[in-house]
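Each chain is listed here by its residues.
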Amino acid sequence: AALRAPLRGNNKPAERKPSDDRVVHVAAAEVARLVVHARDRWGNRRAAPSAEDEFYVTVRPSGGAPVAAAADDEGCAVEARGDGSYAVTFSRRRAGTYEARAWLRGEAAGKGVRVVVAEGPLDFTQSGAAGDGLRVARAGVPTSFVIEARDRFGNLCGTGGERWLVRLTPDPLALAEEAEE
């Protein structure tokens, strides 16, 4: 008899939408908390965990086929709460969409939960710029470059809204070369 173990996220009320029960939103490195309720093959909630459950949770990037793996490979902490449910905590540093899935005796149990990991706050030490305007610029000729705002884990910050001050200074070596010509 297979267990169904639907995962439930504990999103903050302000972030929840009526149809959001199977989606959890967290920031990079923020601890996500889920509760898994063990159910019997008829869908009834079990009152207590079984010693033969061999239960764990994986959190993998979305899009791939579900593959069973040991819980310690995934960085998930699973704790039996004594009432037939399990508390699951984990964190991910890379922004993106993941799928959290419960496993029982090596087989997927129930449906997974989508976990959306957003970038963290802007970190100037991880940010940078790219483009032709950084290599070649001539007075009176338009040029451009792109500022890449990143969080402390290197995730691109997609929201923007920061004010940047850009100061162009001549390269002393290039000035010396021009003076020699």
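Before reading further, recall that the structure is shown in the block above.
What comes next is a walk through the structure. As the structure is a computational prediction, the values presented were derived from the model and not from experiment.

What counts as what
- Residues numbered from 1 in each chain as written.
- Predicted model: local features only at pLDDT ≥ 70, side-chain atom pairs only at ≥ 80, totals over all residues.
- Heavy atoms only, no water.
- Helix = DSSP H or I, 4+ residues; strand = E, 2+ residues; numbered from the N terminus.
- Buried < 20%, exposed > 50% of the residue type's maximum accessible area, 1.4 Å probe, protein only.
- Contact = heavy atoms within 4.5 Å.
- Areas by Shrake-Rupley, 256 points an atom, 1.4 Å probe, with all protein chains shown as cover.
- Salt bridge = Lys/Arg side-chain N within 4 Å of Asp/Glu carboxyl O.
- Patch = residues over 30% accessible without salt bridge, like charges linked within 9 Å, V, L, I, M, F, W, Y side chains within 5 Å.
- Lys, Arg positive; Asp, Glu negative; His and termini not counted.
- Charge placed at Lys NZ, Arg CZ, Asp CG, Glu CD.
- Polar contact = N/O pair within 3.5 Å; in protein donor to acceptor, adjacent residues only side chain to side chain.
- Pairing = 2+ DSSP bridges.
- Phe/Tyr/Trp six-rings, centres within 6.5 Å; stacked < 30°, edge-to-face > 60°.

This next bit is on the overall build of the protein chain. When you go through the protein chain residue by residue, the secondary structure sums to two helices and 11 strands. With 181 residues in all, the protein chain has 30% of them scored as buried. If you take every contact in the protein chain between residues at least 6 apart in sequence, the share linking residues at least 24 apart comes to 61%. Accessible area for the protein chain stands at about 11,900 Å²; split by element, carbon and sulfur atoms hold 51% of it.

A separate point is the pattern of salt bridges. Enumeration according to the criterion identifies three salt bridges in this entry. Here R135 ties to D132 by a salt bridge, and the two come within 2.4 Å at their closest N and O atoms. A residue is classified by how much of its surface remains accessible, and R135, at 64% relative accessible area, is exposed.

Among the surface-exposed residues, D171, E177, E178 and E180 lie close enough to one another that they form a single negatively charged patch. Tracing the backbone shows D171 in the loop between β11 (146–148) and α2 (172–180).

Let's shift gears to the side chain of T58. Take T58: it is sitting in strand β4 (residues 55–61). Judged by its relative accessible area of 2%, T58 falls in the buried class. At a separation of 2.8 Å, a polar atom in the side chain of T58 contacts the side chain of W103.

Another aspect to go through is the pairing of strand β9 (residues 113–118). Only one face of β9 is buried: it carries V113, V115 and V117, and the other face, with R114, V116 and A118, is open. The sheet contact formed by strand β2 (residues 23–27) and β9 spans five bridges and is parallel. Across the sheet, the residue bridging to H25 is V116, located in β9. When strand β7 (residues 96–104) meets β9, the two strands line up antiparallel, connected through five bridges. The residue bridging Y98 from the neighbouring strand is V115, located in β9.

What follows deals with the packing of aromatic side chains. Taken as a whole and assessed by the stated rule, the structure comprises two aromatic pairs. Taking 6.5 Å as the distance between ring centres and 15° as the angle between the ring planes, the aromatic pair formed by Y56 and W103 counts as stacked. With Y56 in strand β4 and W103 in strand β7, this residue pair connects regions lying 47 residues apart in the sequence.

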